[in-house]
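The chain contents come next:
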Amino acid sequence: MGTVPIFEQVRRSCSADIALLSGTLVILPDKILPRIKEMAKSADVGFSSAPIEGVGYSRVNFQGSNKNKVSLITEAFNKGLFQILVGTKALLGEGWDSPCINSLILASFVGSFMLSNQMR
């Protein structure tokens, strides 16, 4: 189980805009890239993208730390630029906050009841 197979299954099965955020990979819908580029520029974070052929999505790179990436993607999610976010526990774990979230699916191998409650 990983973020890419989950992202791809959800992308194929629903019409909502979806994004993927992991430590090494960010995938965003092509139609929101101009807004993301503006947000990155105003936050003084380097931005580049490369299209994924035939699907309307691009692989996106942000310069700097994962903190920059997470804050920009969270801001885009909060602004409604996409409706579904697939991410990793490492990046969207403890301390991540999004008041606009409606549902959360935890697809994780968490061995501790306390840790799974903390993630929720």
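Here the structure is shown first, and the text comes after it.
Fair warning: this is a prediction, and the values are worked out from it, not measured in the lab.

Basis of the calculations
Residues numbered from 1 in each chain as written. Predicted model: local features only at pLDDT ≥ 70, side-chain atom pairs only at ≥ 80, totals over all residues. Heavy atoms only, no water. Pairing = 2+ DSSP bridges. Helix = DSSP H or I, 4+ residues; strand = E, 2+ residues; numbered from the N terminus. Axes fitted to C-alpha atoms, helices over the stretch in contact; angles between N-to-C directions. Contact = heavy atoms within 4.5 Å. Phe/Tyr/Trp six-rings, centres within 6.5 Å; stacked < 30°, edge-to-face > 60°. Buried < 20%, exposed > 50% of the residue type's maximum accessible area, 1.4 Å probe, protein only.

**What to know about the sheet that holds strand β5 (residues 84-87)**
Read from one edge to the other, the open sheet built from five strands follows the order β3-β4-β2-β1-β5, with strand pairing classed as mixed. The open sheet terminates on both sides in strands that have one partner only, identified here as β3 (47-52) and β5. Geometrically, the sheet is characterised by an average inter-axis angle of 25° between neighbouring strands, direction not taken into account. Bridging between strand β1 (residues 18-21) and strand β2 (residues 26-29) involves two bridges; their strand directions are antiparallel. Within β2, the position partnered with Leu21 by the bridge is Val26. Contacting β1, β2, β4 (57-62) and β5, helix α1 (residues 3-13) crosses the sheet at an angle of about 180° to β1. Relative to the sheet, helix α2 (residues 33-42) contacts β2, β3 and β4, its axis offset from that of β3 by approximately 160°.

**Here's the deal with the pairing of β3**
By the bridge criterion, six bridges tie β3 to β4 in an arrangement that is antiparallel. Counterpart to Pro51 in the pairing with β4 is Ser58. The loop that links β3 with its antiparallel partner β4 comprises four residues; one of these, Gly54, has a positive phi angle of about 75°.

**Some remarks on the packing of aromatic side chains**
Counted by the stated rule, this structure contains three aromatic pairs. Relative to Phe62, the ring of Phe47 has its centre 5.9 Å away and its plane inclined at 55°; by these criteria the two rings are tilted. Taken together, the residues Phe47 in strand β3 and Phe62 in strand β4 connect sequence positions 15 residues apart. Judged by relative accessible area, which is 23%, Phe47 ranks as partly exposed. The class for Phe62 is buried, based on a relative accessible area of 13%. Relative to Phe82, the ring of Phe77 lies with its centre 5.7 Å away and its plane at 35°, an arrangement referred to as tilted.

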